[in-house]
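A look at the structure
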Amino acid sequence: RLKGRIHRTPLLESIALNNLTGARILVKAECTQKAGSFKIRGAMNRVLCLSKEEKQRGVVAFSSGNFGQGLAAACMIVGVQCTIVMPADAPVSKQERAKSYGSNVVLSDVVPGINREVTAAEVAENLSQTQNFTLLHPFEDANVIAGQGTCALEIVE
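Notes on the structure in this doc start here. (Residues numbered from 1 in each chain as written. Predicted model: local features only at pLDDT ≥ 70, side-chain atom pairs only at ≥ 80, totals over all residues. Heavy atoms only, no water.)

Considering the overall build of the chain
If you tally the helices and strands in the chain, you get 8 helices and 6 strands. Going residue by residue from the N terminus, the α and β elements of the chain occur as β-α-β-α-α-β-α-β-α-β-α-β-α-α. Relative to the globule expectation of 15 Å for 157 residues, the C-alpha radius of gyration of the chain, 17 Å, shows essentially globular dimensions. For the chain, the spread of C-alpha atoms along the three principal axes comes to 55 × 40 × 25 Å. (Helix = DSSP H or I, 4+ residues; strand = E, 2+ residues; numbered from the N terminus. Rg over C-alpha atoms; globule rule 2.2 N^0.38 Å.)

Overview of the pairing of strand S4 (residues 82–87)
Of all 6 residues in S4, 6 are buried, a share of seventy percent or more. Where burial is concerned, the two faces of S4 agree: the one with Cys 82, Ile 84 and Met 86 and the one with Thr 83, Val 85 and Pro 87 are both buried. The parallel pair strand S3 (residues 59–62) and S4, bridged by helix H4 (residues 66–78), forms a crossover whose chirality is right-handed. Alignment of S4 against strand S5 (residues 104–108), held across 5 bridges, turns out to be parallel. By the bridge assignment for S5, Pro 87 is matched with Ser 108. You can see the chain leave S4, run along helix H5 (residues 92–100) and come back into S5, and the turn it takes is right-handed. (Buried < 20%, exposed > 50% of the residue type's maximum accessible area, 1.4 Å probe, protein only. Right-handed = clockwise from strand over helix to strand, strands pointing away. Pairing = 2+ DSSP bridges.)

Here we look at H4
A rise of 1.5 Å per residue sets the reference length of H4, with its 13 residues, at 18 Å; its end C-alpha atoms lie 18 Å apart and thus fit the reference within 8%. Within the span of H4, buried status applies to Phe 67, Gly 68, Gln 69, Gly 70, Leu 71, Ala 72, Ala 73, Ala 74 and Cys 75. Buried residues in H4 make contact with helix H2 (39–48), S3, S4, H5 and helix H7 (142–148). Gly 79, located one to two residues past H4, shows a positive phi value of around 90°. (Expected span 1.5 Å × (residues − 1). Contact = heavy atoms within 4.5 Å.)

What to know about the side chain of Ser 14
Its place among the elements puts Ser 14 in the loop between strand S1 (11–13) and helix H1 (15–21). Residue classification places Ser 14 among the buried residues on the basis of a relative accessible area of 16%.

Comments concerning the sheet that holds strand S6 (residues 134–135)
On the basis of which strands lie adjacent, the open sheet formed by 4 strands has the order S5-S4-S3-S6 and parallel pairing. One side of each edge strand has no neighbouring strand; the edge strands of this open sheet are S5 and S6. Strand contacts of H4: S3 and S4, with the helix running at about 170° to S4, the strand carrying the most contacts. (Axes fitted to C-alpha atoms, helices over the stretch in contact; angles between N-to-C directions.)

Observations regarding the packing of H2 against H4
Where H2 meets H4, the closest approach of the two axes is 8 Å, and the angle between their N-to-C directions is 45°. Taken together, the axes of H2 and H4 are oblique relative to one another. Handedness of the crossing formed by H2 with H4: right-handed. Mapping the contact onto sequence places Lys 39, Ile 40, Ala 43, Met 44, Val 47 and Leu 48 in H2 and Asn 66, Phe 67, Gly 70, Leu 71, Ala 73, Ala 74, Cys 75, Ile 77 and Val 78 in H4. In terms of residue class, the contact of H2 with H4 is built from 12 nonpolar, 2 polar and 1 charged. (Parallel < 35°, antiparallel > 145°, perpendicular 65-115°, else oblique. Left-handed = near helix turned anticlockwise from the far one by under 90°. Nonpolar A, V, L, I, M, F, W, Y, C, P; charged D, E, K, R; others polar.)

Description of the pattern of salt bridges
Applying the stated criterion across every chain, the model contains 9 salt bridges. One salt bridge in this structure joins Arg 8 and Glu 157, with 2.7 Å as the shortest N-O distance. Here the residue Arg 8 occupies a position in the segment before S1, and Glu 157 occupies one in the segment after helix H8 (150–156), the gap between them amounting to 149 residues. Of the charged contacts in the structure, one is a salt bridge between Glu 154 and Arg 41, with a shortest N-O distance of 3.1 Å. Here Glu 154, found in helix H8, pairs with Arg 41, found in helix H2; they are 113 residues apart in sequence, far enough to count as distant. As far as the burial class goes, Glu 154 and Arg 41 line up, both buried. (Salt bridge = Lys/Arg side-chain N within 4 Å of Asp/Glu carboxyl O.)

Okay, structure coming up:
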């Protein structure tokens, strides 16, 4: 499903880590992946699993960083409207990167004593109900997990 939609990233040997550990260490260079991390793998797989109706409605997700950027990029590639809810203290660079892929970024309040991802998740849930967006979870989703797992499949191959 992902073939041709993401990069097949290289395994690079790290001499420094080899010397440090006394073993041969290979690093999967997911920093060269579209959107800069392996998170686009899961996001793309999940977007490709959306029904035609869900694609037309658009999606919303909460993320303070890499999943949001990966989802924004995947939605741009597939042509799905995307809204990412990020905590207000998320790095501006991550906010701007998601916007650069055409996504709407909504900032959620950071409330002392409450996990910032919990607050962002609540805002995303509210948007899914009020705007009729399909709510996508960044990690508690079998299709996201399967997409992330393609990294390991590449290593085995």
